[in-house]
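# Fold and contact review
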Amino acid sequence: MKIVKIDVKTVPISSPIRNAYIDFSKMTTSALAITTDIMKDGKPVVGYGFNSNGRYAPTCLLEERFIPRLLEANPKDLVTDDGSNLDPHKIHKIIMANEKPGGHGERAVAVGVIDMAVWDAVAKIEEKPLYQLLADRYGTGKTDDKVYIYAAGGYYFPDKGLTELQDEMKGYLDLGYRDVKMKVGGASLNEDVKRIEAVLDILPKGSGLMVDANGRFDLDYAIEFGEKVKDYELIWYEEAGDPLDYHLQAELSKRYPHAMATGENLFSLQDATNLIRYGGMNPEKDFLQFDCALSYGLVEYLQILDMLKEHGWSSRRCIPHGGHQLSLNIAAGLELHGNESYPGVFEPFGGFADRYAVEDGYVRLPEVPGIGFEEKSNLYDLLLTIGK
Ligand SMILES: O=C([O-])CC(=O)C(=O)O
Ligand SMILES: [Mg+2]
C-alpha cells in the first residue's frame, strides 16, 4: 500500500475568550488529510489530523518540511513489514530524520498533526475503532466503555461577571457534566477568589471544580494563591507556573497539600521525563495533562506512558489537554483517567460524537473504524473541504 497524497489547510478556531496568558482571537489550526490507495466501500481510505488549541497552525512547517519528507521517502519504509498498513512508528522515524534533539516548539505540533491522520488511517484500514486497536496492540485488549470528561471553561470574556460565570457553569451541568474547570490568574487574587466562590456556590453535591492558571504565577504568587484556595477542596490546581519551571512546581507541591495538574505545554518525552524527575509531582494524587496532538503525536505519547510506568505512575493519572477525539480514544483504549472537554468552544475541533450526550460526566465512543471524526458532523464537513 502507499500514500497517494497529503493535503493541508489552515483553519481558524478563534474566539474572544482569554485565559491568564493569551486570548484566542487569532487562534488557528492545521487540518490535514492523508489519502491512501486502500479502498473500502469503493472509496480510498483517508486519515485526518489537526493540532490542538493553544498553538497556532503549523501549516508552513508541514508544507515545507514534514509532508515533503514523507512523500520523498521510499513507500516501503512507511508501511508494516507485510505491506498491509501504514506503520506509525516507522513514519515517526522518517519524519524526525535530520531533526536535532531538544527545543521542541512548533515542530512537535506539526508532527502531531501528521501522526493523528496516520492513526486514523491505520485504524480505518484495520476496520477497528482506534480505541480498540490501541487496547489490542498496547493495552489489555479491554476498553473502557465510557470515558470521564470534565467541562473546561470559565474563561475571561469581555463584560463577563459572576452571574454570567455561574450561568456558564450551570449550562455545563445541564449538558450532563459533573465537574467543571475555570481560569484563574487573569484577574486580581481577590477577584479570582470571588469567582471561585461564585462557582462553588452553584455546584451541587458530588460536583467538583478545577482551577487553571495557565502558567501565569511566579513561585511566591503560586504559593499565596494555593494558601487562599486550599480549603475549597478543588479537584486540582493546574499549571500554576511556567510549564518548564520544574523547581517552581516542586516547591509549590511541598506547600500546596492537594492535587495539582500540569503537562499540557510539555511537548516531548524528554520534557515529560523532566517533570516526573524534578517537578515533585505525586503519583498518588496529581494529574498529568500531556496532549499528544501538540507533542509529536501518539507515537511519542506511547513512550511517555512507558516512561511513567517505569517511574511508578499509573496511566490512570493521565487526563490529556485538548478536548479532541484522539485523546478520547487513547483514554478509552489505554486506561487513562479521562479527557478534557470544552463544550461550545474550539468547535468544530473540540467535542465528540454527535450521538452520545454526556451522562453524569462520562461520554461514550462510537464503534466506527478510525478516530471517529465521521461521527461528528460539523468536524467531518470541515475535514471534507481539505484539498478542495
Ligand atoms: O486556555 C487554554 O489554553 C486551555 C487550557 O489551558 C486547558 O484546556 O487546560
Ligand atoms: Mg490548562
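Residues numbered from 1 in each chain as written. Chains lettered and ligands numbered in written order. Predicted model: local features only at pLDDT ≥ 70, side-chain atom pairs only at ≥ 80, totals over all residues. Heavy atoms only, no water.

Naming follows an unreviewed UniProt entry, where the protein appears as L-alanine-DL-glutamate epimerase-like enolase superfamily enzyme of Planomicrobium stackebrandtii.

The next point concerns the sheet that holds strand E2 (residues 28-40). Sheet architecture is open: three strands sit in the order E1-E2-E3, paired in antiparallel fashion. Strand pairing shows two members of the sheet lacking a second neighbour, strand E1 (3-12) and strand E3 (43-50), which therefore form its edges. For this sheet, the mean inter-axis angle between neighbouring strands, taken without regard to orientation, is 25°. As defined by bridge partners, E2 adjoins E3 across seven bridges and the pair is classed as antiparallel. Bridge pairing in E3 places Met39 opposite Pro44. The strands touched by helix H1 (residues 59-72) are E1 and E2; relative to E1, the strand with the most contacts, the crossing angle is about 170°. (Pairing = 2+ DSSP bridges. Helix = DSSP H or I, 4+ residues; strand = E, 2+ residues; numbered from the N terminus. Axes fitted to C-alpha atoms, helices over the stretch in contact; angles between N-to-C directions. Contact = heavy atoms within 4.5 Å.)

For the rest of this paragraph, the subject is the UniProt feature "domain: Mandelate racemase/muconate lactonizing enzyme C-terminal" (unreviewed entry) in the protein. According to UniProt, the positions carrying the feature "domain: Mandelate racemase/muconate lactonizing enzyme C-terminal" (unreviewed entry) are residues 162-259. Taken end to end, residues 162-259 is 50% helix and 11% strand, and its first and last C-alpha atoms sit 25 Å apart. (UniProt positions renumbered as here; feature names shortened; annotations may be inferred.)

The coordination sphere of the magnesium ion (ligand 2), as far as protein atoms go, consists of Asp212 (OD), Glu238 (OE) and Glu264 (OE), spread over 1.9 to 2.1 Å. For the magnesium ion (ligand 2), all donor residues lie on one chain, and their spacing in sequence is D-x25-E-x25-E. Of this pair, Asp212 sits in strand E6 (residues 209-212) while Glu238 is found in strand E7 (residues 236-238), placing the two residues 26 residues apart along the sequence. With respect to class, Asp212 is no different from Glu238; both count as buried. (Donors = N, O, S within 2.8 Å, 3.2 Å for Na, K, Ca; no water. Buried < 20%, exposed > 50% of the residue type's maximum accessible area, 1.4 Å probe, protein only.)

This part is about unusual backbone geometry. Residues other than glycine predominantly adopt negative phi, and peptide bonds predominantly adopt the trans conformation. Each neighbour pair has its own omega, and for Glu347 with Pro348 the value is 5°, a cis peptide bond. If you check the backbone angles, Asp159 has positive phi at about 60° while not being a glycine. Given the relative accessible area of 79%, Asp159 is considered exposed. Notably, Glu335 is not glycine yet its phi reads approximately 60°, a positive angle. Examined against the element boundaries, Glu335 turns out to sit in the loop between helix H11 (325-333) and strand E10 (339-341). Taking the relative accessible area as the measure of exposure, Glu335 reaches 30% and is therefore partly exposed.

This next bit is on the layout of surface pockets. Put simply, the largest pocket is a space of about 550 Å³. Along the wall of the largest pocket there are 30 residues; nearest its centre are Gly54, Arg55, Glu239, Pro243 and Asn265. Here the lining of the largest pocket is composed, by residue class, of eleven nonpolar, ten polar and nine charged. When we break the lining of the largest pocket down by domain, the ones giving at least three residues each are domain 1 (3-127) and domain 2 (137-383). By volume, the second largest pocket is sized at about 430 Å³. (1 Å grid on protein atoms, 1.4 Å probe; cavity = no way out; pocket = protein on both sides within 12 Å on 5 of 7 lines; lining within 4 Å. Points joined across faces, edges and corners; volume = space filled by probe spheres on them. Nonpolar A, V, L, I, M, F, W, Y, C, P; charged D, E, K, R; others polar. Domains from an automatic or database assignment.)

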